[in-house]
Amino acid sequence: MRIVLIGPPGAGKGTQCLRLAEELHVTHLSTGEVLRAARAAGEPVGVAAGEFLDVGKLVPDDLVLQLVAERLRDNDHEQGYLFDGFPRTRNQAEALDYLLAERETPLTAAIELVAPTDELLRRLSQRGRSDDTDATIRERLRQYDELTAPMSGYYAERGVLARVDAVGTVDEVFKLVTEAISGLAKKQQAAAG
Ligand code: B4P
């Protein structure tokens, strides 16, 4: 299975992906985590990304795509992938399509987590990561609306999108996400004959 999880900051992508990766036995690739780890390790690409993380901007596509391509190359992808917070731009979505087409492994599902802004603000203010300051959160939400929200239409056009209500307990949201993935996986199997 190849699954994409998108949603605004604080929607719970990371939270849900940890559980999904365990349940589905797929490799979890969080671009946010990869960027933070590359920065902490002092890798040049991570240091360059840090400037953007600190102000709530999306990291430029070329840096993100370089890291994703490296991770895909390094990993055994037999069991599939869970892309957490990737793609975040149309450029990234097209690059992912290309990488998956090269491997003849089409995307199974794109899950969009949906939650109102006041709930996102409440969660992020409690989390307190270094990029969870008021100004940074506002900018991340703005970047999401402008650059990432249109990915919902991109995947809807391709028939692989499910929108999931991300307000509820972690267990409740997890149940909705797994049901949505299994519905889309069945649809893909039926289409493949
Ligand atoms: P990410 O690391 O993806 O983080 P996020 O969007 O802030 O949060 P997420 O939705 O994963 O929330 P979480 O589960 O932690 O991105 C960070 C930054 O990296 C971006 O702003 C960007 O600059 C950069 N970046 C990453 N990928 C990129 C890309 N592809 N291109 C360019 N730039 C990129 O949950 C948040 C909080 O809510 C937690 O405290 C959690 O405990 C709580 N929570 C979760 N589910 C809950 C629930 N059901 N109920 C109550 N609380 C819940």
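Numbering of residues starts from 1 in every chain and runs along the sequence as written. In keeping with the model being predicted, local features are shown solely for residues with a pLDDT of at least 70 and side-chain atom pairs are shown and tallied solely at 80 or more, while totals for entire chains, interfaces and linings include all residues. Side-chain descriptors were evaluated using all non-hydrogen atoms of the structure, hydrogens and water having been removed beforehand.

A. Seen up close, unusual backbone geometry. Geometrically, the link from phenylalanine 86 to proline 87 is a cis peptide bond, its omega value of 0 degrees lying close to zero. One can find proline 87 in the loop between β3 (81–84) and α5 (90–102). If you check the backbone angles, histidine 25 has positive phi at about 55 degrees while not being a glycine. Summarising the element assignment, histidine 25 is placed in the loop between α1 (13–24) and β2 (27–30). With a phi angle near 55 degrees, glutamate 104 is a residue other than glycine that sits in the positive phi range. In this text, helices come from DSSP runs of H or I with a minimum length of four residues, and strands from runs of E with a minimum of two, each type numbered from the N-terminal end.

B. Quick look at the site of the ligand. In this text, near means that some heavy atom of the residue lies within 4 Å of the molecule or strand in question. Neighbouring residues of the ligand: 29 residues in total, closest Lys13, Thr15, Thr31, Arg127 and Arg140. Here a polar contact is taken to be a pair of N or O atoms separated by no more than 3.5 Å, where protein atoms must pair a possible hydrogen donor with a possible acceptor and residues adjacent in sequence count only if both atoms sit in side chains. Glycine 10 is positioned such that a nitrogen or oxygen atom in its backbone is 3.5 Å from an oxygen atom of the ligand. The separation between an oxygen atom of the ligand and a polar main-chain atom of glycine 12 is 3.3 Å. Only the protein chains shown count as cover for residues, and all accessible areas are computed by the Shrake-Rupley method using a 1.4 Å probe. For the ligand, whose free accessible area comes to 1,000 Å², the fraction covered by protein is 86%. Here the term cavity refers to a set of points on a 1 Å grid, laid over the protein atoms alone, in which a 1.4 Å probe fits but cannot get out; the term pocket refers to an open set having protein on both sides within 12 Å along at least five of seven lines, with lining residues being those that place an atom within 4 Å of a point. Whether a molecule lies in a cavity or pocket depends on its atoms, and more than half of them have to be within 2 Å of the grid points. More than half of the atoms belonging to the ligand lie within 2 Å of the grid points that define the largest pocket. Listed by contribution, the elements that provide at least two residues to the shell around the ligand are α1, α2 (31–40) and α6 (117–127). Under this grouping Gly is polar, as are all residues other than the nonpolar Ala, Val, Leu, Ile, Met, Phe, Trp, Tyr, Cys and Pro and the charged Asp, Glu, Lys and Arg. Taken together, the residues of the shell around the ligand sort by class into 10 nonpolar, 10 polar and 9 charged.

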